[in-house]
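A look at the structure
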Amino acid sequence: MNASGAVTLRRPDDFHLHVRDGEALAAVVPFSAARFARALIMPNLRPPVRTTAEALAYRQRILAAVPAGAPFTPLMSLYLTDQTPAEEAERARESGCILGFKLYPAGATTHSDAGVTDIRAVYGLLERLQETGLALQVHGEVTDPRVDVFDREARFIDTVLAPLAERFARLRIVFEHITTRAAVEFVLGAREGIAATVTPQHLLMNRNALFAGGIRPHHYCLPVLKSEADREALCAAVRGGSPRLFLGTDSAPHARSAKESACGCAGIFSAHAALELYAEAFEAMGALDRLEAFAAHHGADFYGLPRNGGRVRLVKTAWDVPPSYPFGAGELIGLRAGERIGWRIAAVEET
Ligand code: DOR
Ligand code: ZN
(Lines give C-alpha, C1' and ligand atoms only; values in the text may rest on other atoms or scores of the structure.)
(Ligands and ions follow the chains in the order given, each with its own letter.)
Protein backbone atom coordinates (compact mmCIF):
# COMPACT_ATOMS: atom_id res chain seq x y z
CA MET A 1 0.00 0.00 0.00
CA ASN A 2 1.35 3.44 -0.81
CA ALA A 3 0.96 6.50 1.42
CA SER A 4 -2.41 7.38 -0.14
CA GLY A 5 -3.94 3.96 0.68
CA ALA A 6 -3.86 2.40 -2.78
CA VAL A 7 -2.56 -0.89 -4.19
CA THR A 8 -1.91 -1.59 -7.85
CA LEU A 9 -1.80 -5.18 -9.08
CA ARG A 10 -1.22 -6.96 -12.33
CA ARG A 11 -4.70 -8.07 -13.55
CA PRO A 12 -5.63 -11.10 -11.47
CA ASP A 13 -7.24 -14.48 -12.20
CA ASP A 14 -9.94 -16.37 -10.31
CA PHE A 15 -9.02 -20.04 -10.46
CA HIS A 16 -12.30 -21.34 -8.98
CA LEU A 17 -15.59 -19.80 -10.05
CA HIS A 18 -19.22 -20.94 -10.43
CA VAL A 19 -21.25 -18.97 -12.96
CA ARG A 20 -24.19 -21.39 -13.59
CA ASP A 21 -26.12 -21.09 -16.86
CA GLY A 22 -28.99 -19.20 -18.51
CA GLU A 23 -30.31 -16.11 -16.71
CA ALA A 24 -28.13 -16.74 -13.67
CA LEU A 25 -25.03 -16.80 -15.89
CA ALA A 26 -25.96 -13.46 -17.43
CA ALA A 27 -26.49 -11.98 -13.97
CA VAL A 28 -23.12 -12.95 -12.49
CA VAL A 29 -20.49 -12.99 -15.26
CA PRO A 30 -20.16 -9.18 -15.48
CA PHE A 31 -18.99 -9.04 -11.84
CA SER A 32 -16.06 -11.36 -12.53
CA ALA A 33 -15.26 -9.76 -15.90
CA ALA A 34 -14.93 -6.38 -14.15
CA ARG A 35 -12.26 -7.74 -11.81
CA PHE A 36 -10.46 -10.68 -13.34
CA ALA A 37 -8.74 -11.29 -16.67
CA ARG A 38 -9.47 -15.03 -16.57
CA ALA A 39 -11.43 -17.47 -14.47
CA LEU A 40 -11.51 -21.24 -14.17
CA ILE A 41 -15.19 -22.13 -14.49
CA MET A 42 -16.55 -25.00 -12.43
CA PRO A 43 -18.52 -27.69 -14.30
CA ASN A 44 -21.21 -28.60 -11.73
CA LEU A 45 -24.21 -27.65 -13.84
CA ARG A 46 -27.26 -29.87 -14.06
CA PRO A 47 -26.50 -31.92 -16.10
CA PRO A 48 -22.76 -31.55 -15.45
CA VAL A 49 -20.20 -30.45 -18.05
CA ARG A 50 -18.59 -33.83 -18.66
CA THR A 51 -17.10 -33.70 -22.13
CA THR A 52 -14.81 -31.43 -24.09
CA ALA A 53 -17.65 -30.70 -26.53
CA GLU A 54 -19.96 -29.70 -23.65
CA ALA A 55 -17.27 -27.48 -22.15
CA LEU A 56 -16.66 -25.70 -25.45
CA ALA A 57 -20.39 -25.04 -25.87
CA TYR A 58 -20.67 -23.80 -22.27
CA ARG A 59 -17.66 -21.57 -22.83
CA GLN A 60 -19.45 -19.91 -25.76
CA ARG A 61 -22.48 -19.20 -23.56
CA ILE A 62 -20.19 -17.65 -20.95
CA LEU A 63 -18.45 -15.48 -23.56
CA ALA A 64 -21.86 -14.30 -24.77
CA ALA A 65 -22.55 -13.03 -21.23
CA VAL A 66 -19.33 -11.01 -21.01
CA PRO A 67 -20.06 -7.28 -21.40
CA ALA A 68 -18.81 -5.85 -24.71
CA GLY A 69 -15.24 -4.67 -24.49
CA ALA A 70 -14.32 -6.57 -21.31
CA PRO A 71 -11.41 -8.89 -22.11
CA PHE A 72 -12.37 -11.86 -19.94
CA THR A 73 -11.23 -15.37 -20.78
CA PRO A 74 -13.11 -18.36 -19.36
CA LEU A 75 -10.95 -21.42 -18.74
CA MET A 76 -12.72 -24.72 -18.25
CA SER A 77 -12.69 -27.81 -16.06
CA LEU A 78 -14.51 -31.06 -16.87
CA TYR A 79 -16.69 -32.86 -14.34
CA LEU A 80 -15.22 -36.25 -13.59
CA THR A 81 -17.58 -39.21 -13.28
CA ASP A 82 -17.06 -42.94 -12.77
CA GLN A 83 -17.75 -43.29 -16.51
CA THR A 84 -15.44 -40.59 -17.93
CA PRO A 85 -13.51 -42.30 -20.76
CA ALA A 86 -9.71 -42.11 -20.42
CA GLU A 87 -9.45 -40.60 -23.94
CA GLU A 88 -11.28 -37.51 -22.69
CA ALA A 89 -7.96 -36.38 -21.18
CA GLU A 90 -6.36 -35.94 -24.62
CA ARG A 91 -9.46 -34.33 -26.10
CA ALA A 92 -9.45 -31.86 -23.23
CA ARG A 93 -5.79 -31.04 -23.69
CA GLU A 94 -6.22 -30.51 -27.43
CA SER A 95 -9.02 -27.99 -26.81
CA GLY A 96 -6.45 -25.50 -25.51
CA CYS A 97 -8.89 -23.95 -23.01
CA ILE A 98 -9.51 -26.80 -20.55
CA LEU A 99 -7.16 -26.77 -17.58
CA GLY A 100 -8.19 -30.05 -16.01
CA PHE A 101 -10.85 -32.26 -14.49
CA LYS A 102 -12.81 -31.58 -11.33
CA LEU A 103 -13.13 -34.38 -8.82
CA TYR A 104 -16.31 -34.13 -6.78
CA PRO A 105 -16.70 -37.08 -4.43
CA ALA A 106 -20.35 -38.06 -5.10
CA GLY A 107 -22.60 -36.35 -2.58
CA ALA A 108 -19.93 -34.00 -1.17
CA THR A 109 -21.57 -30.74 -2.19
CA THR A 110 -23.97 -28.87 -4.49
CA HIS A 111 -24.64 -30.79 -7.74
CA SER A 112 -22.11 -33.48 -6.94
CA ASP A 113 -24.45 -36.49 -7.18
CA ALA A 114 -22.98 -37.48 -10.58
CA GLY A 115 -19.47 -37.31 -9.08
CA VAL A 116 -17.00 -40.07 -8.37
CA THR A 117 -18.26 -42.81 -6.06
CA ASP A 118 -14.90 -44.56 -5.67
CA ILE A 119 -11.59 -43.01 -6.61
CA ARG A 120 -10.43 -46.34 -8.06
CA ALA A 121 -13.07 -45.97 -10.79
CA VAL A 122 -11.06 -43.12 -12.34
CA TYR A 123 -7.52 -44.49 -12.07
CA GLY A 124 -7.39 -45.07 -15.85
CA LEU A 125 -8.34 -41.48 -16.58
CA LEU A 126 -5.90 -40.15 -13.96
CA GLU A 127 -3.08 -42.11 -15.59
CA ARG A 128 -3.81 -40.36 -18.89
CA LEU A 129 -4.39 -37.00 -17.23
CA GLN A 130 -0.95 -37.20 -15.68
CA GLU A 131 0.54 -37.72 -19.14
CA THR A 132 -1.25 -34.70 -20.60
CA GLY A 133 0.01 -32.35 -17.87
CA LEU A 134 -3.54 -31.11 -17.21
CA ALA A 135 -4.53 -30.79 -13.56
CA LEU A 136 -6.96 -32.54 -11.25
CA GLN A 137 -9.00 -29.98 -9.32
CA VAL A 138 -10.21 -31.59 -6.12
CA HIS A 139 -13.14 -30.95 -3.82
CA GLY A 140 -11.42 -32.40 -0.79
CA GLU A 141 -14.01 -33.76 1.60
CA VAL A 142 -15.08 -37.28 2.46
CA THR A 143 -18.79 -37.93 2.14
CA ASP A 144 -19.32 -40.48 4.92
CA PRO A 145 -22.17 -38.99 6.98
CA ARG A 146 -20.66 -40.49 10.13
CA VAL A 147 -17.63 -38.20 9.81
CA ASP A 148 -18.09 -34.88 11.57
CA VAL A 149 -18.66 -32.13 9.01
CA PHE A 150 -15.71 -30.16 10.42
CA ASP A 151 -13.37 -33.16 10.02
CA ARG A 152 -14.24 -34.11 6.45
CA GLU A 153 -11.39 -32.23 4.80
CA ALA A 154 -8.72 -33.59 7.14
CA ARG A 155 -10.09 -37.12 6.73
CA PHE A 156 -10.02 -36.74 2.94
CA ILE A 157 -6.32 -35.85 3.04
CA ASP A 158 -5.45 -38.99 4.95
CA THR A 159 -7.70 -41.44 3.16
CA VAL A 160 -7.82 -40.16 -0.43
CA LEU A 161 -5.57 -37.26 -1.33
CA ALA A 162 -2.23 -38.26 0.17
CA PRO A 163 -2.40 -41.80 -1.25
CA LEU A 164 -3.52 -40.40 -4.63
CA ALA A 165 -0.64 -37.94 -4.78
CA GLU A 166 1.74 -40.78 -4.11
CA ARG A 167 0.20 -43.24 -6.55
CA PHE A 168 0.14 -40.70 -9.40
CA ALA A 169 3.48 -39.11 -8.62
CA ARG A 170 3.47 -36.67 -11.55
CA LEU A 171 -0.22 -35.75 -11.49
CA ARG A 172 -0.75 -32.03 -11.03
CA ILE A 173 -3.32 -31.50 -8.28
CA VAL A 174 -5.10 -28.39 -7.05
CA PHE A 175 -6.67 -28.92 -3.64
CA GLU A 176 -9.56 -26.48 -4.00
CA HIS A 177 -10.80 -24.08 -1.34
CA ILE A 178 -8.69 -25.32 1.55
CA THR A 179 -10.06 -24.55 4.99
CA THR A 180 -7.94 -26.23 7.67
CA ARG A 181 -4.52 -26.26 9.28
CA ALA A 182 -4.26 -29.89 8.15
CA ALA A 183 -4.75 -28.85 4.51
CA VAL A 184 -2.17 -26.07 4.81
CA GLU A 185 0.36 -28.49 6.25
CA PHE A 186 -0.36 -31.05 3.55
CA VAL A 187 -0.02 -28.60 0.66
CA LEU A 188 3.08 -26.83 1.94
CA GLY A 189 4.79 -30.13 2.68
CA ALA A 190 3.66 -32.01 -0.42
CA ARG A 191 5.68 -33.09 -3.44
CA GLU A 192 6.06 -30.80 -6.42
CA GLY A 193 2.96 -30.28 -8.55
CA ILE A 194 0.51 -29.78 -5.68
CA ALA A 195 -1.14 -26.44 -5.01
CA ALA A 196 -4.32 -25.05 -3.43
CA THR A 197 -6.83 -22.27 -3.87
CA VAL A 198 -8.02 -20.16 -0.92
CA THR A 199 -11.37 -18.32 -0.83
CA PRO A 200 -12.00 -14.88 0.66
CA GLN A 201 -14.55 -16.24 3.13
CA HIS A 202 -12.12 -18.74 4.63
CA LEU A 203 -9.56 -15.96 5.17
CA LEU A 204 -12.08 -13.53 6.64
CA MET A 205 -14.46 -15.63 8.74
CA ASN A 206 -14.54 -18.55 11.10
CA ARG A 207 -17.48 -20.82 11.93
CA ASN A 208 -18.88 -18.35 14.46
CA ALA A 209 -20.04 -16.37 11.41
CA LEU A 210 -22.58 -19.13 10.73
CA PHE A 211 -24.39 -18.34 13.96
CA ALA A 212 -23.72 -14.64 14.59
CA GLY A 213 -26.98 -13.40 16.15
CA GLY A 214 -28.95 -16.24 14.53
CA ILE A 215 -28.45 -18.76 11.74
CA ARG A 216 -26.77 -17.16 8.72
CA PRO A 217 -27.49 -19.09 5.52
CA HIS A 218 -25.44 -16.67 3.40
CA HIS A 219 -22.32 -17.71 5.30
CA TYR A 220 -22.89 -21.38 4.54
CA CYS A 221 -20.62 -22.99 1.97
CA LEU A 222 -18.81 -26.29 1.58
CA PRO A 223 -16.29 -26.94 2.87
CA VAL A 224 -17.96 -25.19 5.78
CA LEU A 225 -16.19 -22.36 7.65
CA LYS A 226 -13.81 -23.76 10.25
CA SER A 227 -12.33 -22.77 13.62
CA GLU A 228 -10.35 -19.61 14.32
CA ALA A 229 -7.18 -21.70 14.63
CA ASP A 230 -7.78 -23.03 11.11
CA ARG A 231 -8.44 -19.55 9.74
CA GLU A 232 -5.23 -18.32 11.34
CA ALA A 233 -3.27 -21.18 9.78
CA LEU A 234 -4.63 -20.25 6.33
CA CYS A 235 -3.73 -16.59 6.87
CA ALA A 236 -0.25 -17.45 8.07
CA ALA A 237 0.38 -19.62 5.01
CA VAL A 238 -0.89 -17.00 2.59
CA ARG A 239 1.11 -14.30 4.39
CA GLY A 240 4.17 -16.50 3.99
CA GLY A 241 3.84 -16.08 0.22
CA SER A 242 3.99 -19.72 -0.83
CA PRO A 243 3.70 -20.03 -4.63
CA ARG A 244 1.53 -23.09 -4.01
CA LEU A 245 -1.36 -20.95 -2.77
CA PHE A 246 -3.46 -18.85 -5.11
CA LEU A 247 -6.74 -17.05 -5.60
CA GLY A 248 -9.91 -19.03 -6.22
CA THR A 249 -13.06 -17.38 -4.91
CA ASP A 250 -15.49 -20.32 -5.10
CA SER A 251 -18.10 -17.63 -5.67
CA ALA A 252 -21.22 -19.81 -5.86
CA PRO A 253 -24.49 -18.00 -6.59
CA HIS A 254 -27.83 -19.40 -5.46
CA ALA A 255 -31.17 -17.59 -5.49
CA ARG A 256 -32.07 -16.04 -2.17
CA SER A 257 -35.04 -18.40 -1.90
CA ALA A 258 -32.75 -21.43 -2.21
CA LYS A 259 -30.43 -20.10 0.53
CA GLU A 260 -33.08 -18.87 2.96
CA SER A 261 -34.85 -22.17 3.27
CA ALA A 262 -35.38 -25.03 5.72
CA CYS A 263 -32.68 -26.87 3.76
CA GLY A 264 -30.57 -24.10 2.28
CA CYS A 265 -28.00 -24.63 -0.48
CA ALA A 266 -24.26 -24.41 0.15
CA GLY A 267 -22.50 -21.56 -1.61
CA ILE A 268 -21.35 -18.02 -0.88
CA PHE A 269 -21.64 -15.44 -3.65
CA SER A 270 -18.61 -13.13 -3.62
CA ALA A 271 -17.99 -12.20 -7.27
CA HIS A 272 -19.51 -8.72 -6.76
CA ALA A 273 -16.62 -7.82 -4.44
CA ALA A 274 -14.10 -10.60 -4.69
CA LEU A 275 -10.88 -8.67 -5.12
CA GLU A 276 -11.97 -6.05 -2.62
CA LEU A 277 -12.63 -8.77 -0.01
CA TYR A 278 -9.19 -10.29 -0.56
CA ALA A 279 -7.68 -6.80 -0.17
CA GLU A 280 -9.41 -6.53 3.20
CA ALA A 281 -8.16 -9.93 4.25
CA PHE A 282 -4.59 -9.20 3.18
CA GLU A 283 -4.63 -5.82 4.88
CA ALA A 284 -5.91 -7.41 8.10
CA MET A 285 -3.06 -9.92 8.02
CA GLY A 286 -0.51 -7.17 7.30
CA ALA A 287 0.36 -8.64 3.91
CA LEU A 288 -0.96 -6.30 1.20
CA ASP A 289 2.42 -6.61 -0.47
CA ARG A 290 1.66 -10.33 -1.01
CA LEU A 291 -1.69 -9.79 -2.71
CA GLU A 292 -0.39 -9.37 -6.24
CA ALA A 293 1.56 -12.63 -6.31
CA PHE A 294 -1.37 -14.55 -4.75
CA ALA A 295 -3.92 -13.03 -7.14
CA ALA A 296 -1.97 -12.69 -10.37
CA HIS A 297 1.23 -14.78 -10.38
CA HIS A 298 1.01 -18.06 -8.48
CA GLY A 299 -2.04 -19.52 -10.24
CA ALA A 300 -0.90 -18.57 -13.73
CA ASP A 301 2.54 -19.98 -13.02
CA PHE A 302 1.14 -23.25 -11.66
CA TYR A 303 -1.06 -23.75 -14.72
CA GLY A 304 1.74 -22.75 -17.12
CA LEU A 305 -0.22 -19.75 -18.40
CA PRO A 306 1.31 -16.36 -19.18
CA ARG A 307 0.75 -13.77 -16.48
CA ASN A 308 -1.82 -11.17 -17.54
CA GLY A 309 -0.99 -7.75 -18.84
CA GLY A 310 -2.82 -4.72 -17.50
CA ARG A 311 -3.34 -3.43 -13.98
CA VAL A 312 -6.06 -3.06 -11.37
CA ARG A 313 -5.90 -0.24 -8.85
CA LEU A 314 -7.59 -0.74 -5.48
CA VAL A 315 -8.14 2.16 -3.11
CA LYS A 316 -8.95 2.10 0.57
CA THR A 317 -12.36 3.72 0.27
CA ALA A 318 -15.35 2.05 1.87
CA TRP A 319 -18.54 1.35 -0.10
CA ASP A 320 -21.94 -0.07 0.78
CA VAL A 321 -22.74 -3.46 -0.69
CA PRO A 322 -26.30 -3.45 -2.11
CA PRO A 323 -28.82 -5.49 -0.10
CA SER A 324 -29.37 -7.72 -3.16
CA TYR A 325 -28.71 -8.05 -6.88
CA PRO A 326 -31.14 -9.21 -9.60
CA PHE A 327 -30.77 -12.92 -10.41
CA GLY A 328 -33.12 -14.02 -13.20
CA ALA A 329 -36.58 -13.96 -11.66
CA GLY A 330 -35.09 -13.96 -8.17
CA GLU A 331 -32.56 -12.17 -6.02
CA LEU A 332 -28.94 -12.80 -5.16
CA ILE A 333 -27.42 -11.92 -1.79
CA GLY A 334 -23.72 -11.14 -1.97
CA LEU A 335 -21.25 -11.55 0.84
CA ARG A 336 -21.53 -8.44 3.09
CA ALA A 337 -24.91 -7.48 1.60
CA GLY A 338 -26.17 -4.32 3.32
CA GLU A 339 -22.77 -3.83 4.98
CA ARG A 340 -19.53 -2.10 4.06
CA ILE A 341 -16.34 -3.21 2.37
CA GLY A 342 -13.20 -1.20 3.05
CA TRP A 343 -11.63 -1.43 -0.43
CA ARG A 344 -12.87 -0.38 -3.82
CA ILE A 345 -11.64 -0.84 -7.39
CA ALA A 346 -10.64 2.59 -8.70
CA ALA A 347 -9.37 1.68 -12.16
CA VAL A 348 -8.74 -1.25 -14.46
CA GLU A 349 -6.18 -0.86 -17.21
CA GLU A 350 -6.50 -3.72 -19.64
CA THR A 351 -3.16 -3.85 -21.37
O1 DOR B 1 -20.44 -24.09 -1.12
C2 DOR B 1 -20.28 -24.61 -2.21
N3 DOR B 1 -21.04 -24.29 -3.27
N4 DOR B 1 -19.34 -25.55 -2.34
C5 DOR B 1 -19.20 -26.26 -3.45
O6 DOR B 1 -18.34 -27.11 -3.50
C7 DOR B 1 -20.12 -26.08 -4.59
C8 DOR B 1 -20.71 -24.75 -4.58
C9 DOR B 1 -21.89 -24.58 -5.51
O10 DOR B 1 -21.80 -25.00 -6.66
O11 DOR B 1 -22.87 -23.98 -5.09
ZN1 ZN C 1 -16.68 -24.55 -5.90
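Side note on the site of ligand 1
If you check the shell around ligand 1, you find 13 residues, and the closest are Arg20, Asn44, Thr109, Leu222 and His254. For ligand 1, an oxygen atom lies 2.8 Å from a polar atom in the side chain of arginine 20. At a separation of 3.2 Å, an oxygen atom of ligand 1 approaches a polar backbone atom of glycine 267. Contact with the protein chains covers 100% of the free accessible surface of ligand 1, which is 290 Å². Of the pockets mapped on this structure, ligand 1 occupies the largest cavity. Of the residues assigned to the shell around ligand 1, the class counts are four nonpolar, seven polar and two charged.

Overview of the packing of aromatic side chains
Evaluated as defined, the whole model comprises twelve aromatic pairs. One aromatic cluster is present, formed by Phe15, Phe246, Phe302 and Tyr303 through successive ring pairs. In this structure, arginine 172 packs its charged tip against the face of phenylalanine 302, placed 4.2 Å from the ring centre.

Topic: the packing of helix α3 (residues 88-95) against helix α4 (residues 123-132)
In the contact formed by α3 and α4, the axes pass within 8 Å of each other and the chain directions differ by 30 degrees. When the interaxial angle is binned, α3 and α4 end up roughly parallel. Viewed along their axes, α3 and α4 form a crossing whose handedness is right-handed. In this structure, α3 uses Ala89, Glu90 and Arg93 to contact α4, whose residues at the interface are Leu125, Arg128, Leu129, Glu131 and Thr132. Here the residues of the contact of α3 with α4 are counted per class, giving three nonpolar, one polar and four charged.

With respect to unusual backbone geometry
Put simply, arginine 46 and proline 47 share a cis peptide bond, and its omega is -5 degrees. Position of proline 47 relative to the elements: it lies in the loop between β3 (38-41) and α2 (52-64). Looking along the chain, the bond that leaves leucine 222 and enters proline 223 is cis, with omega of -5 degrees. Following the sequence through the fold, proline 223 ends up in the loop between α7 (200-204) and α8 (228-239). Phi at aspartate 250 is positive, roughly 55 degrees, even though this residue is not glycine. On the secondary structure map, aspartate 250 appears in the loop between β9 (245-247) and α9 (256-259). The phi angle at arginine 336 is positive, at roughly 75 degrees, despite the residue not being glycine.

A look at the nonpolar core
Grouped together as the largest cluster of nonpolar side chains are 103 residues, with contacts concentrated most on Leu126, Leu136, Leu203 and Phe282. Among the elements that make up this core, the one with the highest residue count is helix α10 (residues 274-284) (seven residues). Listed in part, the 13 residues of the second largest apolar core include Leu75, Tyr104, Phe246 and Tyr303.

A short note on empty space enclosed by the protein
Over the atoms rolls a probe the size of a water molecule, and its path tells where empty space is left. Under the definition given, this model contains two cavities of 30 Å³ or more. In this structure, the largest cavity occupies an estimated 120 Å³ of space. Along its surface, the largest cavity is lined by 17 residues, and His18, Thr109, Thr110, Leu222 and Asp250 are the ones closest to its centre. Residue composition of the lining of the largest cavity, grouped by class: five nonpolar, nine polar and three charged. Taken as a whole, the second largest cavity encloses approximately 60 Å³ of empty space. Around the second largest cavity sit His218, Ala252, Pro253, His254, Lys259, Gly267, Ile268, Phe269, Leu332, Ile333, Gly334 and Leu335, which together line it. Grouping the constituent residues of the lining of the second largest cavity by class yields seven nonpolar, four polar and one charged.

About the criteria used
Residues numbered from 1 in each chain as written. Chains lettered and ligands numbered in written order. Predicted model: local features only at pLDDT ≥ 70, side-chain atom pairs only at ≥ 80, totals over all residues. Heavy atoms only, no water. Near = heavy atom within 4 Å. Polar contact = N/O pair within 3.5 Å; in protein donor to acceptor, adjacent residues only side chain to side chain. Areas by Shrake-Rupley, 256 points an atom, 1.4 Å probe, with all protein chains shown as cover. 1 Å grid on protein atoms, 1.4 Å probe; cavity = no way out; pocket = protein on both sides within 12 Å on 5 of 7 lines; lining within 4 Å. Sits in = over half its atoms within 2 Å of the grid points. Nonpolar A, V, L, I, M, F, W, Y, C, P; charged D, E, K, R; others polar. Phe/Tyr/Trp six-rings, centres within 6.5 Å; stacked < 30°, edge-to-face > 60°. Lys NZ or Arg CZ within 6 Å of the ring centre and 35° of its normal. Axes fitted to C-alpha atoms, helices over the stretch in contact; angles between N-to-C directions. Helix = DSSP H or I, 4+ residues; strand = E, 2+ residues; numbered from the N terminus. Parallel < 35°, antiparallel > 145°, perpendicular 65-115°, else oblique. Left-handed = near helix turned anticlockwise from the far one by under 90°. Contact = heavy atoms within 4.5 Å. Core = buried A, V, L, I, M, F, W, Y, C linked by side-chain atoms within 4.5 Å. Buried < 20%, exposed > 50% of the residue type's maximum accessible area, 1.4 Å probe, protein only. Points joined across faces, edges and corners; volume = space filled by probe spheres on them.

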